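Report on the structure
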Amino acid sequence: MAKISLAQVSKRYGEQAVVDQFNLDMADGEFIVLVGPSGCGKSTTLRMIAGLEDVSEGSIRIGERDVTQLQPAERNIAMVFQNYALYPHKSVYENLAFGLRMRKNSAAEIEKKVRWAAQMLSIENLLQRKPRQLSGGQMQRVSLGRALVRSPEAFLLDEPLSNLDAKLRIRMREEIAQLHKRVGTNMIYVTHDQVEAMTLGDRIVIMSQGRIQQVGRPLEVYDAPANLFVAGFIGAPEMNLVTGILQASQGKVVFQAAGMSVSLPDQLVQRATPGSQVVLGIRPEHVRMQGESDTAAGIAATIALVEQMGPHTLTLLETRPGNGSAAPERIRVLTPRQDEIRAGEHYRLMFEQAHLHLFDASSGVNLALP
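Values in this document were obtained by computation on a predicted structure and should not be read as measured data. (Residues numbered from 1 in each chain as written. Predicted model: local features only at pLDDT ≥ 70, side-chain atom pairs only at ≥ 80, totals over all residues. Heavy atoms only, no water.)

This part is about the overall build of the chain. Broken down by element type, the chain carries 8 helices and 20 strands. With respect to the principal axes defined by its C-alpha atoms, the chain has extents near 80 × 45 × 35 Å. In the chain, which comprises 370 residues, the proportion classed as buried is 50%. Sequence separation of 24 or more characterises 66% of the internal contacts of the chain that already satisfy a separation of 6 or more. The distance from the centre of the 40 positive side-chain charges to the centre of the 39 negative ones in the chain is 8 Å. (Helix = DSSP H or I, 4+ residues; strand = E, 2+ residues; numbered from the N terminus. Buried < 20%, exposed > 50% of the residue type's maximum accessible area, 1.4 Å probe, protein only. Contact = heavy atoms within 4.5 Å. Lys, Arg positive; Asp, Glu negative; His and termini not counted. Charge placed at Lys NZ, Arg CZ, Asp CG, Glu CD.)

Bringing the pairing of strand β15 (residues 287–291) into the picture now. A one-sided burial pattern is seen for β15, the buried positions being V287, M289 and G291 and the unburied ones R288 and Q290. Looking at chain direction, β15 and strand β19 (residues 346–351) are connected through 5 bridges and run antiparallel. The residue of β19 that forms the bridge with M289 is L349. (Pairing = 2+ DSSP bridges.)

For the rest of this paragraph, the subject is the sheet that holds strand β9 (residues 203–208). Overall, mixed pairing links the 6 strands, which are arranged β6-β7-β8-β3-β9-β10 in an open sheet. Each having just a single partner strand, β6 (77–80) and β10 (211–216) make up the two edges of the open sheet. Neighbouring strand axes in the sheet, compared pairwise and without regard to direction, differ in orientation by 15° on average. Sheet topology note: the strand β7 (residues 154–158)/strand β8 (residues 186–191) ladder contains 5 bridges and is parallel. (Axes fitted to C-alpha atoms, helices over the stretch in contact; angles between N-to-C directions.)

This part is about the sheet that holds strand β4 (residues 57–62). Pairing in this open sheet of 4 strands is antiparallel, and the strands run β2-β1-β4-β5 from one edge to the other. The outermost strands of the open sheet, each flanked by one partner alone, are β2 (16–26) and β5 (65–66). Direction of pairing for β4 relative to β5: antiparallel, over a ladder of 2 bridges. Residue pairing in the sheet places R61 in a bridge with D66 of β5.

Along the chain, the position of I32 falls in strand β3 (residues 31–35). Residue classification places I32 among the buried positions, given a relative accessible area of 0%. C-alpha separation for the pair I32 and G201, spaced 169 residues apart in sequence, amounts to 5.3 Å. Leave out the neighbours within four places in its chain, and I32 touches L24, M26, M187, I188, Y189, R203 and V205.

Once that is clear, we can look at the packing of helix α2 (residues 92–102) against helix α3 (residues 107–120). Relative to each other, α2 and α3 sit at 135°, their axes nearing to 10 Å. Compared by their axis directions, α2 and α3 come out oblique. The handedness of the crossing between α2 and α3 comes out as right-handed. Together, Y93, L96, A97, L100 and R101 of α2 and I110, E111, K113, V114 and R115 of α3 make up the contact between the two elements. When its residues are assigned to classes, the contact of α2 with α3 shows 6 nonpolar, no polar and 4 charged. (Parallel < 35°, antiparallel > 145°, perpendicular 65-115°, else oblique. Left-handed = near helix turned anticlockwise from the far one by under 90°. Nonpolar A, V, L, I, M, F, W, Y, C, P; charged D, E, K, R; others polar.)

Its place among the elements puts Q138 in helix α4 (residues 136–148). In this structure the side chain of Q138 is engaged in a polar contact, spanning 2.8 Å, whose partner is the backbone nitrogen of S135. Leaving out residues up to four positions away in the same chain, Q138 has contacts with L126, R129 and Q133. (Polar contact = N/O pair within 3.5 Å; in protein donor to acceptor, adjacent residues only side chain to side chain.)

Enumeration according to the criterion identifies 14 salt bridges in this entry. For E109, the salt bridge is made with K113, and the minimal N-O distance between the two is 3.8 Å. With E109 and K113 both in helix α3 and 4 residues apart, this pair spans about one turn of that helix. Within this structure, R12, D20, E57 and R211 form a network of salt bridges that share partners. (Salt bridge = Lys/Arg side-chain N within 4 Å of Asp/Glu carboxyl O.)

To continue, consider helix α1 (residues 42–50). In terms of burial, α1 is largely enclosed, as 7 of its 9 residues are buried. Taken residue by residue, α1 has K42, T44, T45, L46, M48, I49 and A50 as its buried positions. Among the residues trailing α1, G51 stands out with phi positive, at a value near 90°.

Right, let's get into unusual backbone geometry. Leaving glycine aside, a negative phi is the common case for residues, and trans is the common case for peptide bonds. Residue P237 is reached from A236 by a cis peptide bond, and omega for that bond is 0°. Phi is positive for S122, close to 60°, though the residue is something other than glycine. Its location among the elements puts S122 in the loop between α3 and α4. Residue class for S122 comes out exposed when judged on its relative accessible area of 53%.

Our next topic: the side chain of Q214. Along the polypeptide, Q214 turns up in strand β10. Among the polar contacts made by the side chain of Q214, one reaches the main-chain carbonyl oxygen of A224 at a distance of 3.0 Å. In this structure Q214 touches I204, V205, I206, V221, A224, P225, A226 and V230, once residues within four positions along its chain are discounted.

Here we come to the packing of α4 against helix α5 (residues 166–183). Contact pair α4 / α5: the axes reach a minimum separation of 11 Å and the direction vectors enclose 20°. Relative to α5, the element α4 is oriented roughly parallel. Between α4 and α5 lies a crossing of right-handed hand. Across from G136, G137, Q140, R141, L144 and L148 in α4, the residues of α5 making contact are L168, R171, M172, E175, I176, L179 and V183. Within the contact of α4 with α5, the residues separate by chemical class into 7 nonpolar, 3 polar and 3 charged.

Quick look at the structure:
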């Protein structure tokens, strides 16, 4: 195992920066996930680590070696691709053994490593099959095994589960997590699926337009998003984000939007200025619904849509502005299963104060963070 460090790494095509000033230090045995929308630069970053893309600026170190200018074969890393990249005319055994043969490993060493990887991935009974005789999940295991037999200093995985159906993707996600625990080797995993990122990574790196937006442990990022992009990207269902104005009222700072008036806790507004435009954020599980007859407090809203998700119910409500000119705000609420609620019913919404977020509307910065 080895530490991996990227310092001021950039990739440019002409004037266009695809990756811009990427900095990351990865500890021995760490599982890092690069996550972001298509075109954010995450796969390009992975390919630069692998040596498949040249670095325009900056340096990449694996262990004590500066590998920035080294060829892929000299970096001692293994890459798992989205499309499996198996040799169709070779058996599973030969696919696993091919890289070892190219490195002049002995027959005994090849046999030992192939059998070990096959047992690790539960594909011992598939060794004589050809790729066309395998399911998608089995091909992905073989692709992982081909990387595993090399005993690399790092595994690089580029959206390896995107070709699988939803159920198999969940199972393979679990297997990759268990594999990392067993082998203890650094893994860098690229995905656009924030659920994969949250469940797999020791730390996640959220990217947008070639830049890192935030790095942290999954729940740290979930609880304290650095900016509006992270707040909207991380979380399913996504965070409620409402644009409005801060106003001073009776010694308190109040957030005002269409049909909404929310008194804010002092610690949330220390960096905010009354009169400024801001975005109030709250996750759906931190909004409570109460019947109108039960309370006069909170925000008046009407159910627009109910989505039953098995153990949970996701409810979309629209606020009811006092004047008819303002467009209503839409608020999502995630609760334990509720069979009795229906579209058109009226409720009052209560926001849990401890879970409110406040963002600057122009810069997107989370005003509650240092």
